[in-house]
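If you want the building blocks of each chain, they are given just below.
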Amino acid sequence: MTTTRTWSEDGAAMAKVTNADLHCHSTVSDGLLAPAEVVRRAYANGVDLLALTDHDEIGGLDEARRTAAELGLRFVDGVEISVSWGDDTTVHIVALDIDPRHPGLIAGLAQVRSGRDQRAVQMGVELDKVGIHGAHQGALRFVGNPALVSRSHFARHIVETGHAKDVKSVFDHWLAKGKPGYVAHSWATLGQALGWIHGAGGLAVIAHPGRYRLSNKELRRLLVEFRDLGGQGIEVLSGSHSDDEVSEFARYAREFGFLASRASDFHGPGESRIDLGKLPQLPEDLTPVWQKFR
Ligand code: AMP
Ligand code: MN
Ligand code: MN
Ligand code: MN
């Protein structure tokens, strides 16, 4: 199932990487910058290894890879897959160093994306009931890729129309699980996502584990299931982790033998807490996931 990975001639080059950023978004999903702009910003910020990981979409990779090549910036293909796990918990799995031409991955991602339009219509209906009218049409004005309507696009519309001061408070009041505009949705299963990633020769990494509001027991169950399915890595450094969470997830990486990732999850200037490449270094005893890149 899992591709065997050995150190290629690139192994030595990967050992020299000092500013990897392996998680960010472009206008092909819910980021604010076009793929080429994301790459140029990463380069300007001193990133020396970049992965673009749009939600359920690989449509930005060609442009990003081309731009990175022009700049001499090392680039790997990635995607962030939406997964439904347990009792209506959405978990994100970042796929790194994938072959974006792999038919199983392409078909799988198309399947995950396909439910988004109907969900967006329903979100519009639910938001209308609480006095936010025309939210679906409004959200569509912020969408860069018609196949990828996300809660972020709704959030930007709701801020622009003055219902909230920023994107974060939109989620707190309307779009997070349990809030009036939240619509439950079935994404991929964990098994499907890992199957597509491994089929495409990639490495699977649990994104921002601090964001799922799971109890310790549930989190442990997720990590065990992920490892048993061949999952390899965990984001120890993430734009959404506090210092305490970094220590916590470093401990889990040691215990489970996971590779460690460094991931801003940058969406755009003004919207993200951490800019591209502006992360601390991983704890030295952990194995960085990029050491296993081809
Ligand atoms: P979706 O895939 O449509 O459910 O949208 C998920 C996206 O919403 C995430 O990738 C984030 O970009 C954004 N998001 C989720 N929760 C929050 C939050 N609390 N604050 C800001 N953005 C959020
Ligand atoms: Mn997002
Ligand atoms: Mn995510
Ligand atoms: Mn992300």
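See the structure shown above.
Small disclaimer: the values here were computed from a predicted structure and weren't measured. (Residues numbered from 1 in each chain as written. Chains lettered and ligands numbered in written order. Predicted model: local features only at pLDDT ≥ 70, side-chain atom pairs only at ≥ 80, totals over all residues. Heavy atoms only, no water.)

**Details of the pattern of salt bridges**
Stated precisely, the cut-off is as follows: One side-chain nitrogen of Lys or Arg within 4 Å of one carboxyl oxygen of Asp or Glu is enough to make a salt bridge. The helix and strand labels rest on DSSP assignments: H or I over at least four residues marks a helix, E over at least two residues marks a strand, and numbering proceeds from the N terminus. Accessibility here uses a 1.4 Å probe with only protein chains present; expressed as a share of the type maximum, an area under 20% marks a residue as buried, one over 50% as exposed, and anything in between as partly exposed.
Taken as a whole and assessed by the stated rule, the structure comprises 15 salt bridges. Between aspartate 56 and arginine 116 there is a salt bridge, and its shortest N-O distance comes to 3.1 Å. With a gap of 60 residues between them, aspartate 56 in the loop between strand E2 (49–52) and helix H3 (61–71) and arginine 116 in helix H5 (residues 116–129) connect regions that are remote in the sequence. By the burial criterion, aspartate 56 is buried, and arginine 116 matches it. The shortest N-O distance in the salt bridge between aspartate 77 and arginine 65 comes to 3.1 Å. A residue pair is termed long-range when its members are at least 10 positions apart, and aspartate 77 in strand E3 (residues 74–85) and arginine 65 in helix H3 qualify at 12 residues. The class of arginine 65 is partly exposed, set by a relative accessible area of 29%. Among the ionic contacts, a cluster of salt bridges with common partners joins Asp62, Arg65 and Asp77.

**Side note on the packing of helix H2 (residues 35–44) against H3**
So the rule is basically this: With axes taken as lines fitted to C-alpha atoms, and helix axes fitted only over the stretch in contact, angles between N-to-C directions fall between 0 and 180 degrees. Note: crossing handedness is left-handed where the near helix turns anticlockwise from the far helix by less than a right angle, and right-handed where it turns clockwise. Whether two residues touch is decided by their heavy atoms; if any such pair falls within 4.5 Å, the residues are in contact.
Between H2 and H3, whose axes approach to 8 Å, the crossing angle comes to 35°. H3 is crossed by H2, and the crossing has right-handed handedness. Here H2 contributes Pro35, Ala36, Val39, Arg40 and Tyr43 to the contact with H3, which in turn contributes Glu63, Ala64, Thr67, Ala68 and Leu71.

**Some points on the coordination of the manganese ion (ligand 4)**
Just so we agree on the cut-off: With water omitted from the atoms examined, metal sites may look incomplete; donors here are N, O and S atoms no farther than 2.8 Å from the metal, or 3.2 Å in the case of Na, K and Ca.
At this site the manganese ion (ligand 4) is bound by His23 (NE2), His25 (NE2), Glu80 (OE) and Asp265 (OD), with donor distances of 2.1 to 2.2 Å. Separating the manganese ion (ligand 4) from the manganese ion (ligand 2) is a gap of 4.6 Å. Pair noted here: histidine 23 is in the loop between strand E1 (20–21) and H2 and aspartate 265 is in the segment after strand E7 (259–263), with a separation of 242 residues, a long-range link. No difference in accessibility class separates histidine 23 from aspartate 265, as the two residues are buried.

**As for the nonpolar core**
This is how the line gets drawn: In plain words, nonpolar cores are sets of buried Ala, Val, Leu, Ile, Met, Phe, Trp, Tyr and Cys residues tied together by side-chain atoms within 4.5 Å.
Counting residues in hydrophobic clusters, the biggest one holds 72 residues, and the most contacted among them are Leu22, Ile93, Trp290 and Phe293. Look past the residues within four positions of tryptophan 290 in its chain and what remains in contact with it is Met14, Val17, Ala20, Leu22, Leu49, Arg262 and Leu282.

**Side note on the sheet that holds E3**
Which entries qualify depends on this criterion: For two strands to count as paired, DSSP must find a minimum of two bridges between them.
With mixed pairing, seven strands are arranged side by side in an open sheet as E1-E2-E3-E4-E5-E6-E7. Both edges of this open sheet fall to E1 and E7, since each of them pairs with a single strand only. In terms of strand pairing, E3 meets strand E4 (residues 89–96) through eight bridges, oriented antiparallel. Across the sheet, residue valine 79 finds its bridge partner in E4, namely alanine 95. The strands that helix H10 (residues 216–228) touches are E3, E4, strand E5 (203–206) and strand E6 (233–238); relative to E5, the one it contacts most, it runs at about 180°.

**So, the coordination of the manganese ion (ligand 2)**
At the metal site, the manganese ion (ligand 2) is ligated by Asp30 (OD), His55 (NE2) and His267 (NE2), and these contacts range over 2.1 to 2.2 Å. When the donors of the manganese ion (ligand 2) are listed by position in the chain, the intervening gaps give D-x24-H-x211-H. In this structure, the manganese ion (ligand 2) is positioned 5.5 Å from the manganese ion (ligand 3). Taken together, the positions of aspartate 30 in the loop between E1 and H2 and histidine 55 in the loop between E2 and H3 put the pair 25 residues apart, joining distant regions of the chain. The exposure class of aspartate 30 is buried, given its relative accessible area of 4%. Overall, histidine 55 belongs to the buried group, its relative accessible area being 7%.

**Notes on the site of ligand 1**
This is how the line gets drawn: Think of it this way: one heavy atom of a residue within 4 Å of a molecule or strand is enough to make that residue near it. Whenever a nitrogen or oxygen atom comes within 3.5 Å of another N or O atom, the pair is scored as a polar contact, on the condition that within protein one atom can donate a hydrogen and the other can accept it, and that pairs from neighbouring residues in sequence are kept only if both atoms are in side chains. Space inside and on the surface of the protein is sampled on a 1 Å grid over the protein atoms alone, with a cavity defined as a set of points where a 1.4 Å probe fits but cannot get out and a pocket as an open set with protein on both sides within 12 Å along at least 5 of 7 lines; lining residues have an atom within 4 Å of a point. A cavity or pocket is said to hold a molecule if more than half of that molecule's atoms lie within 2 Å of its grid points. Throughout this entry, Asp, Glu, Lys and Arg are counted as charged residues, while Ala, Val, Leu, Ile, Met, Phe, Trp, Tyr, Cys and Pro are counted as nonpolar. The remaining residues, Gly among them, count as polar.
The immediate surroundings of ligand 1 are formed by Asp30, His55, Arg116, Arg119, Ser150, Arg151, Ser152, Val167, Phe171, Arg211 and His267. For ligand 1, an oxygen atom lies 2.7 Å from a polar atom in the side chain of arginine 119. At 2.9 Å, a side-chain N or O of histidine 267 approaches an oxygen atom of ligand 1. More than half of the atoms of ligand 1 fall within 2 Å of the grid points belonging to the largest pocket. Those elements that provide at least two residues to the shell around ligand 1 are H5, helix H7 (151–160) and helix H8 (167–175). By residue class, the composition of the shell around ligand 1 is two nonpolar, four polar and five charged.

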